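The primary structure of each chain is shown beneath.
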Amino acid sequence: MKKRVIIIVIFLLIILIIEFMLLSKIIKNLDENNIVTNSTTNKMKLENNEKNNTNVSNNKVTNTNETNNIISPKNEDNNQVSENNKNTQSEINEWNLKLVNYENSLPSDFIPQLSSIDNTRKFDTRAIGKLNELIADMKKDGISDIWVQSSYRSIEQQQTVYNKKINEYIRKGKTPKEAEKLTLKVINKPGTSEHNLGLAVDFNYVNLEFEKTKAFKWLKENAENYGFILRYQKEKEGITKVNYEPWHWRYVGEEHAKKMNGLDLCLEEYIEYLK
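Everything numeric here is computed off the predicted structure, so don't read it as measured data.

Caption draft 1: A look at helix α7 (residues 214-222). Residues of α7 that are buried include every one of A215, F216, W218 and L219, and no others. On an axial view of α7, the arc spanned by its buried residues comes to 160°, and they lie on one face. Away from its buried face, by an angle of more than 90 degrees, α7 presents the exposed residues K214, K217, K220 and E221. Buried residues along α7 sit against α3 (128-140), β4 (200-203), β5 (228-230) and β6 (248-251).

What follows is the structure, given as structure tokens:
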């Protein structure tokens, strides 16, 4: 009986051992599966992260390129304004728009480029062709009574004309101060006259009767096509500080002459307009 009990106990122990071994194996397999699963999951996460990082990087590059290719409207406007300013400044500095008046005198070292109109008169070399063309076309249109009475004057010649006018007023009973003030309304001081510049001409006799001639009417209608303007207009005396002179015409170039007439501006106003 005792022997039989022992056998039964041993048998049970064997069964327990076998079950324990089986349980251990199952647990081990489960752990291995978890490791594999985690490893796969981590690998997948890593791959996804790398993929996302690559996409982000590509997006950054794309955005950077797009940003570099985009011109801000503000920058574009600033560039346009800058370019316009350059063009405007360039226009103001053109030789044919040089402003010479009571406030703007020629530099002491100014040397004009001159060519001869005839034996005694000269005009700016760059514009004399247009002056000759204007006079020739006037004659073709039947206006033969036209000539250049005065054009370029040296500083010395201007001084002589200026002093002569002052003395003329003094002989009429004006004081030297009054005489100079009256003279400045018709003749500019040396260095402040357009005649010193070489771009102005006085046609025919220097008097207001010229306004009644066919020549004046023709000039009013056609001079701009040759680049000339009526420099001292009656309505602009308060700006130019020079009395109305229907005989005095100034070369500024065809484009500017047409703009000035279209806008009804004298040269002083036009320069401000360009600024």
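Once you've had a look at it, read on.
Caption draft 2: Examining the pairing of β6 more closely. Burial of β6 is two-sided: the residues H248 and R250 facing one way and the residues W249 and Y251 facing the other way are all buried. Sheet analysis places β5 next to β6, joined by three bridges and oriented antiparallel. The residue bridging L230 from the neighbouring strand is W249, located in β6.

Caption draft 3: Up close: the packing of aromatic side chains. This structure, assessed with the given rule, holds eight aromatic pairs. Geometrically, the ring pair formed by W95 and Y251 is stacked, given 6.0 Å between the ring centres and 20° between the ring planes. Of this pair, W95 sits in the loop between α2 (73-92) and β1 (114-116) while Y251 sits in strand β6, placing them 156 residues apart in sequence. Relative accessible area serves as the criterion here: at 9%, Y251 is assigned to the buried category. Seen from their ring centres, F228 and Y251 are 5.3 Å apart, and the 70° between their planes marks the pair as edge-to-face.

Caption draft 4: Looking closely at helix α4 (residues 155-171). The end-to-end C-alpha distance of α4 is 24 Å, a good match for the 24 Å that 17 residues give at a rise of 1.5 Å each. All buried positions along α4 are accounted for by Q158, Y162, I166 and Y169. For α4, the buried positions fall inside an angular range of 65° around the axis, keeping them on one side. More than 90 degrees from the buried face of α4, the exposed residues found are E156, T160, K164 and R171. Where α4 is buried, its residues touch α5 (176-183) and α6 (194-197). Following α4 by one or two positions, G173 adopts a phi angle in the positive range, close to 105°.

Caption draft 5: Spatial organisation of the sheet that holds β4. One open sheet holds the four strands; their spatial order is β3-β4-β6-β5, and the pairing between them is antiparallel. Of all strands in the sheet, those bounded by a partner on one side alone are β3 (148-150) and β5. In this sheet, neighbouring strand axes are inclined to one another by 45° on average, regardless of whether the strands run parallel or antiparallel. In the packing of α3 onto the sheet, contacts are made with β3, β4, β5 and β6, and the angle to β4 comes to roughly 20°.

Caption draft 6: Up close: the nonpolar core. In terms of nonpolar packing, the biggest core is built from 29 residues, with L134, F203, F210, L219, F228 and W249 touching the most fellow members. When contributions to this core are tallied by element, the ones reaching two or more residues are α3, β4, α7, β5 and β6. Top element by residues in this core is α3. It accounts for five residues. Ignoring sequence-local partners within four residues, the contact set of L134 consists of F203, W218, L219, A223, Y226 and F228.

About the criteria used
Residues numbered from 1 in each chain as written. Predicted model: local features only at pLDDT ≥ 70, side-chain atom pairs only at ≥ 80, totals over all residues. Heavy atoms only, no water. Buried < 20%, exposed > 50% of the residue type's maximum accessible area, 1.4 Å probe, protein only. Helix = DSSP H or I, 4+ residues; strand = E, 2+ residues; numbered from the N terminus. Arc of directions from axis to C-beta. Contact = heavy atoms within 4.5 Å. Pairing = 2+ DSSP bridges. Phe/Tyr/Trp six-rings, centres within 6.5 Å; stacked < 30°, edge-to-face > 60°. Expected span 1.5 Å × (residues − 1). Axes fitted to C-alpha atoms, helices over the stretch in contact; angles between N-to-C directions. Core = buried A, V, L, I, M, F, W, Y, C linked by side-chain atoms within 4.5 Å.

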